[in-house]
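# Remarks on the overall topology
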Amino acid sequence: MQDRPLEKTLYKHFGYEQFREGQKEIIEELLNGNDVLGILPTGTGKSMCYQLPSLLLEGTVIVVSPLISLMVDQVKQLKQQGMKRVVAINSFLTPMQKQQVYDHINHYKLIYCSPEMLQNAQFMQTLKEKVSVSLFVVDEAHCISQWGHEFRTDYLKLDDTLKQLNNPTVLALSATAPVHVQNDIMRQINRPDMQKHIFPMDRENIAFTVEHVTGMEEKIERIASVLKTHPVPTMIYFSSRQWTEKAAYELTQATSGLRVAYYHGGMEQTDRLLIQQQFMNDQLDVICCTSAFGMGVNKSNIRLVIHAHIPSQVESFLQEVGRAGRDGEQSVSLTFYSPGDGEIPKRFIESELPSAELVSDAIQYLQNIAQNGRLLPLQPEEIEESLQISEVQWRFLAYQFEKNGVIKGRKVVHQANWGEAYHSIVAFIKERTNIKQNKLTELLNWVHSKDCLRASLYQSFQSSYKTPVGFCCDRCDFSFNLWETSETPDRMELLGWEKELQKVFLQGEYQ
DNA sequence: AATATACTTAGTTCGCGGTTAAGATTTTGGGGGCGGA
């Protein structure tokens, strides 16, 4: 091991004898100063790709993460492994805590933050003054492409952040990113020449099945009957919060004995955390959830992922399905479709971005402000109120107006080219809506596909896919009565005393 | 009739509970000296 310094560091700090597939190549690439786009399946240790370099590189590693809970989990885990010079900066810190972190910012080797945080002037100033960034990591990088254009536009400003931080080496990581998402990531962060380390993401132990039914009532009946014969750890996706709650109640009634809960973004943070932990600890069998549930759920024995509603694109579908069978055991994806099910995602797509009329209203509103020599209101809620638009719609517009030179921070640019801005924004909205509608159509086509579900699902994502280890799909060889699941395992899984002790010590620890 | 996804902010408090470091005290094991067999 003497002439293998990377392995030595790996063993010394993380206790592993050798690297997993892909890790070493990526790390060497980064240490040589090359940008890397890494697409690695979940559970193969993506975070090692930057945690180990953070120990070897001179400066600081910045990790952009989409969820506070993800950063907090990572920091907790690293501290537990003995790496103390790690911090997550987010809105959970009080102003005083934040100041303390800023005062000693150069003490940290790893800093986790959200893309929004990187738009905070004080944070950026602190970084620029006191920190030399050796590596800039975008975790869950598909968020750039999937959320950046409409939902969280700060994801599209990372290229500017990189410039301000003296163009450090970049590592973009994701588990599920088809070629067009990979290209979008590189385009948005303005690094066209990234070294690609891409591993196939098709899952050979998941069987696919689609059932056409009449409506939600029949779906829940079917789910109940499947769960009675196959009482396995299960996730059920819905497109509405209300249905998650209703279904959880009805399934509890229908399947005596199964422990069912619901989870969606409208719940209290503490409740969300509790449900997630109970599910991960096998204290719950079934979760009825919206798309809010998923990222950061590292439960290895999820056997069944049901879509009671379809999402709005294949990428989301694959991410959600991919949470099944991380342990390699036979798992199943069950998708329901009833006539009209495409309507919900269609409405989402239509309502997410403002209409042309709203863009024109917004321009009038801005011109009014400019003429009176005023600034934009400090509270965005005030603008949303005046224009009668949603928070997401205003954030999208604000980003577009800024990009088109109409506003600068809170200032409205007087001599802006309003006509051109209007046309370019409206054209962009059309283009995005189109792209999203096509993505929805792609998923709907799959649901109605007559051919092998596995083949048609993965075809557009990668050139080839592995042959399944068990069942393939309901067009080929799968049906529920062939699928044998072992008896519900003991509720209390024995982990060995080290893991049990670790669990006890880390319980309830959140910051 | 409507249906989902997340982040953000707060200026310089105060008291309480818990933790840690340092010092004091007690317990315990081992080493060394001494006397006797």
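Residues numbered from 1 in each chain as written. Chains lettered and ligands numbered in written order. Predicted model: local features only at pLDDT ≥ 70, side-chain atom pairs only at ≥ 80, totals over all residues. Heavy atoms only, no water.

## Considerations on the overall build of chain A
Within chain A one finds 20 helices and 15 strands. In terms of C-alpha radius of gyration, chain A reaches 24 Å, essentially the compact-globule figure of 24 Å for 511 residues. Across its three principal directions, the C-alpha atoms of chain A cover 70 × 65 × 45 Å. Looking at the 511 residues of chain A, the share that counts as buried comes to 53%. Here the contacts in chain A between residues at least 6 apart in sequence split such that 74% fall between residues at least 24 apart. Taken as two groups, the 51 positive and 62 negative side-chain charges of chain A have centres that lie 4 Å from each other. (Helix = DSSP H or I, 4+ residues; strand = E, 2+ residues; numbered from the N terminus. Rg over C-alpha atoms; globule rule 2.2 N^0.38 Å. Buried < 20%, exposed > 50% of the residue type's maximum accessible area, 1.4 Å probe, protein only. Contact = heavy atoms within 4.5 Å. Lys, Arg positive; Asp, Glu negative; His and termini not counted. Charge placed at Lys NZ, Arg CZ, Asp CG, Glu CD.)

## Considering the side chain of Thr209
Locating Thr209 in the fold gives a position in strand E8 (residues 206–212). Excluding anything up to four places from it in sequence, Thr209 contacts Val332, Ser333, Leu334, Thr335, Leu453, Asp474, Phe478 and Phe480.

## Things to note about the state of the cysteines
On inspection of all chains with the given rule, the structure shows 0 disulfides. Here Cys476 is not disulfide-linked; the sulfur of Cys473 is the nearest cysteine sulfur, at 3.6 Å. For Cys476, a relative accessible area of 47% corresponds to the partly exposed category. (Disulfide = S-S within 2.5 Å.)

## With respect to the pattern of salt bridges
Enumeration over the complete set of coordinates arrives at 20 salt bridges. Residue Arg432 is joined to Glu150 by a salt bridge in which the shortest nitrogen-to-oxygen separation is 2.6 Å. Placement of the pair is Arg432 in helix H18 (residues 418–447) and Glu150 in the loop between helix H7 (142–146) and helix H8 (158–164), with a sequence separation of 282 residues. The exposure class assigned to Glu150 is buried, which follows from its relative accessible area of 1%. Here Glu204 makes a salt bridge to Lys466, at a shortest N to O gap of 3.5 Å. In this pair, Glu204 is assigned in the loop between strand E7 (195–198) and E8 and Lys466 in the loop between helix H19 (453–458) and helix H20 (497–506), connecting sequence segments 262 residues apart. The network of salt bridges with shared partners includes Glu150, Glu352, Arg432 and Lys436. (Salt bridge = Lys/Arg side-chain N within 4 Å of Asp/Glu carboxyl O.)

## Some remarks on the confidence of the model for chain A
When pLDDT is averaged along chain A, the result is 94; 95% of the residues meet or exceed 70. Every residue in residues 507–511 scores below 50 in pLDDT, and together they form 8 contacts with partners more than four places removed in sequence or on other chains. (pLDDT = per-residue confidence, 0-100.)

## Notes on the sheet that holds strand E5 (residues 133–138)
Strand order in this open sheet of 7 strands is E3-E4-E2-E5-E6-E1-E7, and the pairing throughout is parallel. In this open sheet, the two strands that pair with only one neighbour each are strand E3 (86–89) and E7. With direction set aside, neighbouring strand axes in the sheet form an average angle of 15°. (Pairing = 2+ DSSP bridges. Axes fitted to C-alpha atoms, helices over the stretch in contact; angles between N-to-C directions.)

## Considerations on the protein's contact with DNA strand B
Near DNA strand B there are 29 residues, and of these Ile68, Ser239, Arg241, Gly265 and Arg395 occur at the shortest range. Within 4 Å of the protein, the contacting atoms of DNA strand B are drawn from sugar and phosphate to the extent of 57%. Ile68 has a polar backbone atom sitting 2.4 Å from a phosphate oxygen of DNA strand B. Separating a sugar or linking oxygen of DNA strand B from a backbone N or O atom of Ser239 is a distance of 3.4 Å. Looking at the surface near DNA strand B element by element, the count peaks at 4 residues for helix H14 (residues 343–352). Of the residues belonging to the surface near DNA strand B, the class tally is 10 nonpolar, 10 polar and 9 charged. (Near = heavy atom within 4 Å. Polar contact = N/O pair within 3.5 Å; in protein donor to acceptor, adjacent residues only side chain to side chain. Nonpolar A, V, L, I, M, F, W, Y, C, P; charged D, E, K, R; others polar.)

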